[in-house]
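Here are the chains, one letter per residue:
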Amino acid sequence: MTLIINFLKVLNAGRRISTLSLSTFTKMSAGKKSKGKGDSAGSSLKELNPWPQYIHDRIALFDELHAAYKDKVASYSRSPIKVTLPDGKVVEGTSWETTPYEVARGISQGLADNTVVAKVNGVLWDLDRPLEADTELKLLKFDDEEGEYVFRHSTAHMLGEAMERCYGGCLCYGPPVEGGFYYDMFYDKGSVSQTDYPALENVMKSIAKEKQEFIRLEMTKAELLKMFEYNEFKKRIINERIDTPTTTVYRCGPLIDLCRGPHVRHTGKVKAFAVTKNSATYWEGNSEAESLQRIYGISFPDAKQMKEWKYLQEEAAKRDHRKIGREQELFFFHELSPGSCFFLPRGAHIYNKLTEFIKKEYRKRGFQEVLTPNIYNTKLWETSGHWQHYAENMFSFDCEKQKYALKPMNCPGHCLMFANRVRSWRELPLRLADFGVLHRNELSGTLHGLTRVRRFQQDDAHIFCMPEQIESEMQGCFDFMEYVYGIFGFTFKLKLSTRPEKYLGDIEDWNKAEESLSNSLNASGHPWELNPGDGAFYGPKIDITIHDALKRAHQCATIQLDFQLPSRFNLQYSSDEVAVTKRPVMIHRAVLGSVERMIAILTENCAGKWPFWLSPRQAIVIPIAAPLNDYAEEVKDKLHDAGYMADVDLDAGNTLNKKVRNAQIAQYNFILVVGENERQAGTVNVRTRDNKVHGERSIDDVLTRFKHLAETHEKDAEEKF
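What counts, and at which threshold
Residues numbered from 1 in each chain as written. Predicted model: local features only at pLDDT ≥ 70, side-chain atom pairs only at ≥ 80, totals over all residues. Heavy atoms only, no water. Helix = DSSP H or I, 4+ residues; strand = E, 2+ residues; numbered from the N terminus. Buried < 20%, exposed > 50% of the residue type's maximum accessible area, 1.4 Å probe, protein only. Contact = heavy atoms within 4.5 Å. Areas by Shrake-Rupley, 256 points an atom, 1.4 Å probe, with all protein chains shown as cover. Lys, Arg positive; Asp, Glu negative; His and termini not counted. Charge placed at Lys NZ, Arg CZ, Asp CG, Glu CD. Pairing = 2+ DSSP bridges. Right-handed = clockwise from strand over helix to strand, strands pointing away. Polar contact = N/O pair within 3.5 Å; in protein donor to acceptor, adjacent residues only side chain to side chain. Core = buried A, V, L, I, M, F, W, Y, C linked by side-chain atoms within 4.5 Å.

When you go through the protein chain residue by residue, the secondary structure sums to 23 helices and 36 strands. Judged by the C-alpha coordinates and their principal axes, the protein chain covers about 95 × 80 × 60 Å. Per-residue burial for the protein chain yields a buried fraction of 51% across its 721 residues. Nonlocal contacts in the protein chain, meaning residues at least 24 apart in sequence, comprise 68% of its contacts between residues at least 6 apart. If you sum the accessible surface of the protein chain, you get close to 33,700 Å²; carbon and sulfur atoms cover 49% of it. Taken together, the 96 basic and 99 acidic charged side chains of the protein chain have centroids lying 4 Å from each other.

Written out as structure tokens, the structure reads:
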């Protein structure tokens, strides 16, 4: 009981701090010195004293409007409401008084303390926001995806407050993102430096200590324009993005920002956070617009989680595919072709093995591989709709008074293939696969190793089928995906992404497509989630997220149902009814996704310790003395001729033990040592990179075992040799 009373005292103290008046905030900002002031070596960043005038003006308007809002709510009539919990239990409450936090506390204080946000009738809801009517209530913790999203969003506001207090710039967007959050800021007096991080973190610590309450307020467009008159970017958002009579702002301490919310109860809930990196970016990704400073961060409700995250970051740095790519001589990038990878022989081996693996599966599963042009007249993209929606991401040029573009995707070309002649229902489903080279004009600031490139290839395929074949084809897509990810040892999650704000086609077609995908997901037997509004502009899609050895999520595979392109290209097939033509449905699908991105993921997942079937260093032959060099070369040649990546170490300057150790460090799967006895017997002595000794084997036996291990894609080939 004492702990609960002490907690409530601290909580109430936090609330008093968060609702301080403008005059009190002015005194605080003038009188206190930030802990970050001059703390960080090499950084001149200090908390501004006094704060920018716009902060005080903003607070004054907020206080006035919020007081009027509280009076308005006080006048509302109260009535009994029923709050239904997920287990069916019903709690009695009062409209405009009972809050989700009070309901949680009525169950247990521990539940109330650990709940991040509520969900009221399917809508995310602040814990301290009063319920307005009968409610179905869910209480979400940090380990819930939506709970984590809200938690990180709240921490982004804390970072935004620190940025205003230290730089005085104009905040832009500050969303949670996968793996953390960021805030963009227009700042024309310099740039953000890594040495600024400690000062920002110290201000954020003081924000957390103050337990600033997150306060929600609805405002009209005119009020918003007055509040943010100092910020050109907020005014653009208000004028261009807001199409409702009112929208919401949230306040924590001196920060007030446009925001839908919801948020955590107060800043003290954020127990652990860090500024992680910074970069330059453009307003809304437009390279012609203003340059902004972007600062990233990470946060957790528990210091232990931060400690684990830091460990995983250290491990990720060791596994960075760019680092391993250099060390293992797999690939590199050059400034003369930014975003385009140079694959060296060993890297090309991995690339080719992956594509061969998929091509072999294509043959088993009824796909036909095709080749299509790299360059098309932009009329093609106008027909497909890509030019209207995607032109800024395409490389285009003029030729003989016509405009052309490098293809960023294969689907329009495959539509031309389908339309090349009259098709019959007997040909469907028609499954066309294409490893054609694709180019996308990604912003230079977003390029990142193999995970974000401008030139890439995909295991891209399109299935043209009849509507009644959709579910069976979708099941085939799921089977293909399960098989491939099973080989790699990946787990995955499925999401159905539905119609976005900007879309092509009729609502009826979209509804039909979304229903078909939903039925297919249900039939697959896998759990799945709804991801509203995140579909492609031409159709809904199933996004597949895989998880690697470091628990990181990656989106690679995609399955998209498309009723639009067949219509836009007027695709038809003759049906089994006399003189009747029908329109096919198109399924876009990929399993690896970008081959480049998959290589990055696999590199980091296995930490450069490649499985035998993919390995760029499958075997090395080591003679114990110079007179055995010829035999070692002969063994290496036999392995090479059989299609394996084999080398021989003839360096006379190293001892046998040193050669074996070097081979293990270089991650050769198998180390074949040969001496005089092995030469006379036509054998090799087999050991692995993990120092498991398999002993003497004939060369034919080695080749037989290698073939089996490669064909079965054995994960533990070294153990099961």
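So, about the environment of Pro616. Here Pro616 shows up in the loop between helix H19 (595-605) and strand E32 (619-623). In sequence terms Pro616 and Glu315 are 301 residues apart; their C-alpha atoms lie 22 Å from each other. With sequence-adjacent residues up to four places away left out, Pro616 is seen in contact with Gln328, Leu330, Arg346, His349, Ile350, Trp610 and Met645.

Right, let's get into the pairing of strand E26 (residues 528-531). Across four bridges, strand E25 (residues 491-497) lies against E26 in parallel orientation. By the bridge assignment for E26, Ser497 is matched with Asn531. What joins E25 to E26 is helix H17 (residues 507-524), and the crossover it makes is right-handed.

Our focus in this paragraph is the side chain of Ser299. Relative to the elements of secondary structure, Ser299 occurs in strand E13 (residues 291-300). Separated by 2.8 Å, the side chains of Ser299 and Thr155 make a polar contact. Those residues within four positions of Ser299 in sequence are excluded, and the remaining contacts are Phe142, Phe151, Arg152, Thr155, Phe181, Val270, Ala272 and Phe273.

As a further point, take unusual backbone geometry. Of the consecutive residues Asn49 and Pro50, the connecting peptide bond is found in the cis state with omega at 5°. Position of Pro50 among the secondary structure elements: in the loop between helix H2 (22-31) and helix H3 (53-74). At the junction of Leu428 and Pro429, the peptide bond is cis and its omega measures out at 5° in the coordinates. Mapped onto the fold, Pro429 is located in the loop between strand E20 (423-424) and strand E21 (430-434). One non-glycine residue with positive phi stands out, namely Asn570, at about 55°.

One face of the sheet, then the other: side chains in a regular strand alternate in exactly this way. Counting buried residues in strand E24 (residues 460-465) gives six out of six residues, a clear majority hidden from the surface. Of the two faces of E24, the one holding Asp460, His462 and Phe464 and the one holding Ala461, Ile463 and Cys465 are both buried throughout. Taken together, the five bridges between E21 and E24 define a ladder with antiparallel strand orientation. Following the sheet pairing, Leu430 is matched in E24 by Phe464.

Here the focus is the nonpolar core. By size, the foremost hydrophobic cluster in this structure holds 54 residues, and its most contacted members are Leu354, Val484, Tyr485, Phe488 and Ile542. With ten residues, the top contributor of residues to this core is helix H16 (residues 470-488). In this view, Val484 contacts Phe357, Ile358, Val591 and Leu592; residues no more than four positions away in its chain are not counted. Counting 43 residues, the second-largest nonpolar core is a separate cluster that includes Ala162, Phe181, Leu255 and Ala274.

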